[in-house]
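Structural features, examined
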Amino acid sequence: MGLFFGLDLGRFFGLKFIQDSLGTLVAARAAHPVQASLLFVAVYVGVTALSLPGAAILTLAGGALFGLVWGTLLVSVASTLGATLAMVTARYLLRDLVQARFGHRLTTLNQGIARDGAFYLFTLRLIPAMPFFVLNLLAGLTHMKIWTFAWVSQLGMLAATLVFVNAGTEIARIDSLASILSPSLIGSFVLLGLLPLMVRRVIAIVRRRKVYARWKTLRPKRFDRNLVVIGAGAGGLVTAYIAAAVKAKVTLVEAHKMGGDCLNYGCVPSKALIRTARLAHQMRHGARYGLSDCAPAFSFQSVMQRIHAVIAAIEPHDSVERYTGLGVEVLQGYATIVNPWTVEIALNDGGTQTLTTRAIVIAAGASPVVPPLPGLDDVGYVTSDTLWDAFAKLEEVPRRMVVLGGGPIGCELAQSFQRLGAQVTQVEMAPRILLREDVDVSQLALESLQADGVQVLTGHKALRCERQGEQKFIVVEHAGAEQRIEFDALICAVGRAARLTGYGLEELGIPVNRTVETNEYLQTIYPNIYAAGDVAGPFQFTHTAAHQAWTAAVNALFGDVKKFKTDDSVIPRATFIDPEVACVGLNEQEAKEKGVAFEVTRYGIDDLDRAIADSEAHGFVKVLTVPGKDRILGVTIVGTHAGDLLAEYVLAMKHGLGLNKILGTIHTYPTLAEANKYAAGEWKRAHAPARLLAWARRYHDWKRR
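Residues numbered from 1 in each chain as written. Predicted model: local features only at pLDDT ≥ 70, side-chain atom pairs only at ≥ 80, totals over all residues. Heavy atoms only, no water.

One open sheet accounts for 3 strands, arranged 11-12-13; its pairing is antiparallel. Of all strands in the sheet, those bounded by a partner on one side alone are strand 11 (461–468) and strand 13 (481–487). Neighbour to neighbour, the strand axes of the sheet diverge by 25° on average, direction disregarded. Relative to strand 13, strand 12 (residues 471–478) runs antiparallel, the two sharing 7 bridges. In the strand pairing of strand 13, His478 is matched with Ala481. (Pairing = 2+ DSSP bridges. Helix = DSSP H or I, 4+ residues; strand = E, 2+ residues; numbered from the N terminus. Axes fitted to C-alpha atoms, helices over the stretch in contact; angles between N-to-C directions.)

Moving on to the environment of Trp147. For Trp147, the position within the fold is in helix 8 (residues 146–168). For Trp147, a relative accessible area of 66% translates into the label exposed. C-alpha separation for the pair Trp147 and Thr84, spaced 63 residues apart in sequence, amounts to 8.7 Å. (Buried < 20%, exposed > 50% of the residue type's maximum accessible area, 1.4 Å probe, protein only.)

Attention now goes to the packing of aromatic side chains. Applying the stated criterion across every chain, the model contains 11 aromatic pairs. Here the aromatic rings of Tyr212 and Tyr526 are separated by 5.5 Å at their centres, their planes lie at 55°, and the arrangement is tilted. Linking Tyr212 in helix 9 (residues 183–212) with Tyr526 in the loop between strand 17 (515–516) and strand 18 (529–531), this pair joins segments that are 314 residues apart in sequence. Here Tyr212 falls in the buried class, since its relative accessible area comes to 9%. (Phe/Tyr/Trp six-rings, centres within 6.5 Å; stacked < 30°, edge-to-face > 60°.)

On the secondary structure map, Asp578 appears in the loop between strand 19 (573–575) and strand 20 (580–585). Within the local environment of Asp578, its side chain forms a polar contact with the side chain of Arg419, the two groups lying 3.0 Å apart. Discounting chain neighbours no more than four positions away, the residues touching Asp578 are Arg278, His281, Gln415, Arg419, Ser448 and His618. (Polar contact = N/O pair within 3.5 Å; in protein donor to acceptor, adjacent residues only side chain to side chain. Contact = heavy atoms within 4.5 Å.)

Attention shifts here to the environment of Leu58. Along the chain, Leu58 turns up in helix 5 (residues 55–102). A relative accessible area of 8% places Leu58 in the buried class. When the C-alpha positions of Leu58 and Val165 are compared, they lie 9.2 Å apart, and in sequence the two are 107 residues distant.

The N-to-C vectors of helix 12 (residues 267–284) and helix 13 (residues 300–314) enclose an angle of 135°; their axes lie 9 Å apart at closest approach. Relative to helix 13, the element helix 12 is oriented oblique. Like other packed secondary-structure pairs, helix 12 and helix 13 cross with a definite hand, here right-handed. Across from Val268, Pro269, Ala272, Leu273, Arg275 and Thr276 in helix 12, the residues of helix 13 making contact are Val303, Arg306, Ile307, Val310, Ile311 and Ile314. Its residues assigned to classes, the contact of helix 12 with helix 13 comprises 9 nonpolar, 1 polar and 2 charged. (Parallel < 35°, antiparallel > 145°, perpendicular 65-115°, else oblique. Left-handed = near helix turned anticlockwise from the far one by under 90°. Nonpolar A, V, L, I, M, F, W, Y, C, P; charged D, E, K, R; others polar.)

On to the sheet that holds strand 21 (residues 599–604). An order of 19-20-23-22-21 is seen for the 5 strands of this open sheet, with the pairing classed as antiparallel. Unpaired on one side and paired on the other, strand 19 and strand 21 mark the two borders of the sheet. Sheet twist, expressed as the mean angle between neighbouring strand axes with direction ignored, is 10°. Direction of pairing for strand 20 relative to strand 23 (residues 632–639): antiparallel, over a ladder of 6 bridges. In the strand pairing of strand 23, Ala582 is matched with Ile637. Relative to strand 22 (residues 620–625), helix 18 (residues 439–452) is tilted by about 165°, and along the sheet it contacts strand 20, strand 21, strand 22 and strand 23.

Cis geometry is found at the peptide bond from Asp578 to Pro579, where omega equals 5°. On the secondary structure map, Pro579 appears in the loop between strand 19 and strand 20. Cis rather than trans, the peptide bond between Tyr669 and Pro670 has omega equal to -10°. Here Pro670 lies in the loop between helix 24 (659–663) and helix 25 (674–686). Even without glycine at this site, Leu522 takes up a positive phi of about 70°. You can see Leu522 is positioned in the loop between strand 17 and strand 18. Backbone geometry at His641 places phi at a positive 55°, although glycine is not the residue there. Along the chain, His641 turns up in the loop between strand 23 and helix 23 (642–654). Owing to a relative accessible area of 41%, His641 belongs among the partly exposed residues under this scheme.

Here strand 11 pairs with strand 12 via 7 bridges, running antiparallel. Considered in strand 12, the bridge of Ala462 is made with Val476. Remark: 2 residues form the turn of the hairpin made by strand 12 and strand 13, two consecutive strands paired antiparallel; Ala479 in that turn has positive phi of roughly 55°.

Within strand 9 (residues 423–428), 5 of the 6 residues are buried, which leaves the element mostly enclosed by the surrounding structure. In this sheet, strand 9 lies alongside strand 8 (residues 400–404) in parallel orientation, the contact comprising 5 bridges. When the sheet's bridge partners are listed, Leu404 is paired in strand 9 with Val427. What joins strand 8 to strand 9 is helix 17 (residues 408–419), and the crossover it makes is right-handed. (Right-handed = clockwise from strand over helix to strand, strands pointing away.)

Next up on the list: helix 12. When the terminal C-alpha atoms of helix 12 are compared, their 26 Å separation across 18 residues agrees well with the 26 Å that a helix rising 1.5 Å per residue should span. Along helix 12, the residues classified as buried are Val268, Pro269, Ser270, Ala272, Leu273, Ile274, Thr276, Ala277, Arg278, Ala280 and His281. Looking at the buried residues of helix 12, the elements they touch are helix 11 (260–264), helix 13, helix 16 (387–392), helix 17 and helix 18. (Expected span 1.5 Å × (residues − 1).)

So, on to the packing of helix 10 (residues 234–245) against helix 20 (residues 542–558). At their nearest, the axes of helix 10 and helix 20 sit 8 Å apart, and the two run at 35° to each other. Note on packing geometry: the crossing formed by helix 10 with helix 20 is right-handed. Seen from helix 10, the contacting residues are Ala234, Gly235, Val238, Thr239, Ile242 and Ala243; seen from helix 20, they are Thr542, Ala545, Ala546, Ala549, Trp550, Ala553 and Leu557. Of the residues in the contact of helix 10 with helix 20, the class split is 10 nonpolar, 3 polar and no charged.

These figures capture arrangement, not role.
Shown next as structure tokens:
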């Protein structure tokens, strides 16, 4: 490239030079046709591979020297080979750098290229307005396969190659390159470029008809409902709420309790338990607040009654009466999708009801996973779903408790029951608890649980359960040795699995793989059947279910006019142990796994005035940013009320605000939220403009003279 521009070789790739030298070039080609063809191809490949100007002129020269047929063949081969070399060069030199820096933002693009890259490349190759060399370089930055790029490029460039080579056969009449492409010809190319998109649309219609083919005789002419929603958890409730708000006729079907897992078994009761346990812990450590330490006196039954009272207080928000008042028809029973437009409900009070509907949203939630341990049923166990009713019958907290699982649910329950007087042993097969979090976060959580007295056994695999009279044991294995742990109560908290059976998915042929398989619009293989929440995955959070419910509801009701893709790019999560762990975006281990370049800014909450005043001076704020920039890639907060503090970062990431904006925001003093400002200040301090500050010092020195 340096030689090309330094020696002004571009003068040999101008229209006038080719026209003036045409006689000499034709004579050389006639004398040595093979050598001339090889030299032409070599020069063409070199120019295109280095993305130098001149490809258009060389294409004309190909027609002038070799004629339409042979010239087209030479140009087609040379342009494809050169374009592919340019693409490979860009990939070798730049792709890793670009993907490392912008990979998290290019996820959707990479997925689109993997799925429809050939269509889009073919379309752009047909449109002359798109510079030839730009496409080569951009393709190199993606994950498109080299072979796909080569054959699609050759096919896509063929039409324009024919036009230019044909024009080159009469090169003497050409005044400029612009005269080759008339407005009508450009318009034809644009229409041709739209052909792949039209083909894609036709293919989508054909696929749709194919998937509905066996049901077409069952499609009703009129529908009873606009939408039927299966499941009244967070996803189903929000879906039905939106449908009713836009005056659609909607039926919500729930077989068990309104409010789903979150209200009845998960978020609400667990947080009520955590609050009571935290207060008991604070009473035992009253000296931290200038009071006397004292053992809390309480009835375990009263604790459990309070939890059920909290559920009852929130229950009206999700009740049948409320949603009926909003305009939602609520049916309590088991729903089965009979065909893409028909849902049959086996009502809880007897009988069945069959409804036809234009669209269906499956929001059936998830249920606890119970490991297949020999002897488990014999010793008895509870899950995060069943413990609330089972423990409500107990006079005292179980004296010895085993919690299987070191994830968020297991950690929350282990710490809470330990603080309420149980001796808890937590068993986790992985090498550390909270495996999804960074190592330093897991370590801090481990230290916190151990400080409360929880015996945490990581790297221990549960093998079986045994019973000897009234004694119950779980046998675990670590480093080849077995250990027996006696317990009075066993909680299985090893995860939750989407509810995928009993809804007719198998009969309809809807693919499932741990979750219902959906596209970016949350559609199943049937475009009128959607999934949202835990059954759609990949997250099992109440707030994600509500977020997906909006997408599913709007697409189900208005998808013929406008469809929206689900946006899972900024999803917060929190584990409500003490101290809380809250995250959004990438953490360090995820960034390393994905090859995303980052730098870390860390602020210790032990330095925060409000945390010191509250005797909560422990934890940290850790922010990952693009190297040298304030754009936030992810945040992890460990500390009191971390889940609340995270909201500012969620807002910033969602709307593209950087740390400079957070630093420039006034935060009330003294509050825990100031931790976010101080974290931004740490980043600013590390990126202070040293050269500018040196000049500022000189200026102030001069002012003192």
